[in-house]
Amino acid sequence: MEPTRDEVLISRVLDARSGSGDWRELELMAEQDPTLWRDLGASLRAEIAVRNAGEEVLDGTRRIDLPFAANDTVRSTPSRIWRHGVTGSGWLAAIVLLCVWLSTGVGAGKDAAAPLPGGDTLTTNKLATNTLNTTTTFDDALTSYRTVGFEEGRLVDELPMMVVDTQVLESGNDQMEVLYLRRFLERATVNGVYEVGRRDDGTAVPVPVHFTKRTNHGSL
Amino acid sequence: MAKAGDDRVAKARAGDRIAQQQLWEAHRRWVATILLAHRGAGADLDDLLQDVAVVFVEHVAELRDPQRLRPWLRTVAINVARTHSRRERVRSRQVIELAADPADPRSDRDEAARLADEDAQVALTALDELPPDYREPILLRSMQGLSQRRIATVLGVPETTVENRLARGRKLLAQVLARRDGRAPTASGGGTSTFASDA
């Protein structure tokens, strides 16, 4: 449907494209029909409203980030849990995994220090900046623990395992159950050191240990 | 500038996540504008935008010409909006048949609620009453600040057609807003509630 002439002229005014001839023509038309000024005002109001709405809505789209598959590393913060590949009860699983991941710090992934395409690399301190990481197995979690721990300096060393007990299983397949102890040496910085003291009545109380400089690491 | 953009597209096509993320951030508002122009009434913009993001990651490698990224994104956005509208129509029918409840629980109230300005809220929903042929040039002009010539290039129509659609669309939008505001629209132009667009 073709627009009327007054509609074209008003639209040009809104776009700041109206020349002096357009204004003269609009004024002549408005002398015959003064409601044109009201139309101009209404169109201007609508234009401003659309622009304001656009700003609000488009600013809000910052929440929507790209979905990347599990175990991928992205520098952006996950602002929305993605439906991609997660449907139905999968939503719940994704949320639970996210909570576990955030609360335990597990999940940086074995590719955590891998250089990204484009030459960029990620730092390891990215619990808050990594995407959903669906560490699903014990071994994956352990690998993540070692990787992140060593990179952050929290993990100093892993000592040889100690076998605590063994038991031949009755399955008859020459299988043996082994109970063993993993030993990890971790390092932490603390603000205060306490030792256990005793009151006269024998109850235990924490007693602050004051020191100025230590050359050896004390037992925490 | 164009060369840097081309390089980024090339990297994105090769699977570079950083490049993909940068491209997405550079074009997200563009995609959102196209979705607003083509979405069905009540469709949630965030949902649609997510769907486009998925297509972008999965299919950007198929983009042949780096210069065609925006047109390609526009096509993707239009397809997503239309597919969503079809799904919604089917779903809506099913809801009516099964539960005799014609009310679609999902609406764009969520995003409207974020709008502080009342006029802006009304304008956004009023835009949904316009045909996409009118809606898109208005949004490209008002939200993206494109010139009529650029809009003509994007839409693949003559510049005069863009000017006509802008003029007609703005008049219709003002009428919708006046009607919602309780003000009587002026007699000039088409004052109907069902709008037809020029081809």
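You'll find the structure just up there.
This text gives an overview of the structure that appears in the document. Since we're looking at a predicted model, the values are computed, not measured.

**Describing the overall build of chain B**
(1) Moving on: Within chain B, the regular secondary structure consists of 9 helices and 0 strands.
(2) Moving on: For chain B, the sequential pattern of α-helices and β-strands runs α-α-α-α-α-α-α-α-α.
(3) Moving on: Counting only residues that meet the buried cut, chain B has 51% of its 199 residues in that class.
(4) Moving on: In chain B, the share of contacts with a sequence separation of at least 24, taken over all contacts with a separation of at least 6, comes to 61%.

**Looking at the packing of aromatic side chains**
(1) Moving on: Under the criterion given, the structure shown has 3 aromatic pairs over all chains.
(2) Moving on: A centroid spacing of 4.9 Å and a plane angle of 80 degrees characterise the contact between A:Y145 and A:F184, whose relative ring orientation is edge-to-face. Taken together, the positions of A:Y145 in helix α5 (residues 138-152) and A:F184 in strand β2 (residues 176-186) put the pair 39 residues apart, joining distant regions of the chain.
(3) Moving on: Assessed through its relative accessible area of 27%, A:Y145 is described here as partly exposed.
(4) Moving on: Exposure remark for A:F184: the relative accessible area of 25% places this residue in the partly exposed category.
(5) Moving on: Taking the centre distance of 6.0 Å and the plane angle of 35 degrees together, the rings of B:W24 and B:F56 count as tilted. Of the two residues, B:W24 sits in helix α2 (residues 17-38) while B:F56 sits in helix α3 (residues 45-59), which places them 32 residues apart along the sequence.

**Observations regarding the side chain of B:R74**
(1) Moving on: Counting through the fold element by element, B:R74 comes out in helix α4 (residues 69-99).
(2) Moving on: Not counting residues up to four positions away in its chain, the partners in contact with B:R74 are B:W30, B:I34, B:H38, B:E136, B:V154 and B:L155.

**Some thoughts on a nonpolar patch on the surface**
(1) Moving on: On the surface, a cluster of nonpolar side chains totalling about 580 Å² of accessible area is made up of A:M161, A:V163, A:V168, A:M176, A:V178 and A:Y180.
(2) Moving on: Of all the elements in the fold, those that place two or more residues in the nonpolar patch are β1 (155-168) and β2 of chain A.

**Remarks on α5(A)**
Residues and elements named next belong to chain A.
(1) Moving on: Under the 1.5 Å per step criterion, the end-to-end length of α5 is 21 Å for 15 residues, consistent within 8% with the ideal 21 Å.
(2) Moving on: Those residues of α5 lying buried are L142, S144, T147, V148 and G149.
(3) Moving on: The elements touched by buried residues of α5 are β1 and β2.
(4) Moving on: Downstream of α5 by a residue or two, G153 has a phi angle that is positive, lying close to 80 degrees.

**Focus: the packing of helix α7 (residues 132-142) of chain B against helix α8 (residues 148-155) of chain B**
Residues and elements named next belong to chain B.
(1) Moving on: Closest axis-to-axis distance for the α7/α8 pair is 10 Å, and the angle between their directions is 135 degrees. The orientation of α7 relative to α8 falls into the category oblique. Crossing hand, α7 versus α8: right-handed. Packed against α7, whose contacting residues are E136, P137, L140 and R141, the element α8 presents I151, V154 and L155 at the interface.
(2) Moving on: Looking at side-chain class alone, the contact of α7 with α8 contains 5 nonpolar, no polar and 2 charged residues.

**Observations regarding unusual backbone geometry**
(1) Moving on: Phi at A:A16 takes a positive value of approximately 60 degrees, unusual for a residue other than glycine.
(2) Moving on: Within the secondary structure layout, A:A16 lies in the loop between α1 (5-14) and α2 (20-32).

Cut-offs and rules
Residues numbered from 1 in each chain as written. Chains lettered and ligands numbered in written order. Predicted model: local features only at pLDDT ≥ 70, side-chain atom pairs only at ≥ 80, totals over all residues. Heavy atoms only, no water. Helix = DSSP H or I, 4+ residues; strand = E, 2+ residues; numbered from the N terminus. Buried < 20%, exposed > 50% of the residue type's maximum accessible area, 1.4 Å probe, protein only. Contact = heavy atoms within 4.5 Å. Phe/Tyr/Trp six-rings, centres within 6.5 Å; stacked < 30°, edge-to-face > 60°. Patch = residues over 30% accessible without salt bridge, like charges linked within 9 Å, V, L, I, M, F, W, Y side chains within 5 Å. Areas by Shrake-Rupley, 256 points an atom, 1.4 Å probe, with all protein chains shown as cover. Salt bridge = Lys/Arg side-chain N within 4 Å of Asp/Glu carboxyl O. Expected span 1.5 Å × (residues − 1). Axes fitted to C-alpha atoms, helices over the stretch in contact; angles between N-to-C directions. Parallel < 35°, antiparallel > 145°, perpendicular 65-115°, else oblique. Left-handed = near helix turned anticlockwise from the far one by under 90°. Nonpolar A, V, L, I, M, F, W, Y, C, P; charged D, E, K, R; others polar.

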